[in-house]
Amino acid sequence: MPVEPGRAGAGRLIALLAAVVSLVSGCTGSVDPGELPGVYRNDGTGAELRLEPDGTFSAVDVVTDGSSDPADFSGRWEWLGDQAGSDFVYLSVDSGALGKVAGIQLYPSGGNTMEFRPDPDGPPSSKLTKAAAP
């Protein structure tokens, strides 16, 4: 039985989309929330973010978007894996140079790296890499 041209094209498109989804989902790998606590740094800028096991965080000289100056701030963090359509750490800022903000999203990007992305589809404003435990 011959295959209709439209159906063959649709099958190829579905296969291509499945491959792309597989590749994109494999970029960050699965994130174990228990592995998130630690110190993340950007040695080039001096930025540092500490995610504590008790759900608190502190940030020093961190740029969270492309238009602000480095700032110090602190608050609480929460892993929002599949709850929000994409995996990210939600930072609720309680004090510091940013004042009260609704929250900041921090995205894991694989290899123990986190990125601040003011636009989830855009480039990161800064990257921080998890420091080795002393």
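This text follows the structure it describes.
Throughout what follows, the structure given in this document is the object of discussion. (Residues numbered from 1 in each chain as written. Predicted model: local features only at pLDDT ≥ 70, side-chain atom pairs only at ≥ 80, totals over all residues. Heavy atoms only, no water.)

1. Here we look at the pattern of salt bridges
Step number 1: Within this structure, the stated rule accounts for 4 salt bridges.
Step number 2: Residues Arg 50 and Glu 48 are paired through a salt bridge, measuring 3.1 Å at the closest nitrogen-oxygen approach.
Step number 3: Among the residues examined, Glu 48 registers a relative accessible area of 18% and is labelled buried.
Step number 4: With its nearest N and O atoms 2.7 Å apart, the salt bridge here joins Glu 115 to Arg 117.
Step number 5: Glu 115 sits in the buried class, given a relative accessible area of 5%. (Salt bridge = Lys/Arg side-chain N within 4 Å of Asp/Glu carboxyl O. Buried < 20%, exposed > 50% of the residue type's maximum accessible area, 1.4 Å probe, protein only.)

2. Considerations on the packing of aromatic side chains
Between two aromatic rings, the relevant description is the distance of the centres plus the angle of the planes.
Step number 1: Scanning the entire structure with this criterion turns up 2 aromatic pairs.
Step number 2: Look at Phe 88 and Tyr 107: their rings are 5.6 Å apart centre to centre, the planes differ by 50°, and that puts the pair in the tilted class. Of this pair, Phe 88 sits in strand 5 (residues 88-96) while Tyr 107 sits in strand 6 (residues 104-108), and the two are 19 residues apart along the sequence. Each member of the pair, Phe 88 as well as Tyr 107, is classed as buried. (Phe/Tyr/Trp six-rings, centres within 6.5 Å; stacked < 30°, edge-to-face > 60°. Helix = DSSP H or I, 4+ residues; strand = E, 2+ residues; numbered from the N terminus.)

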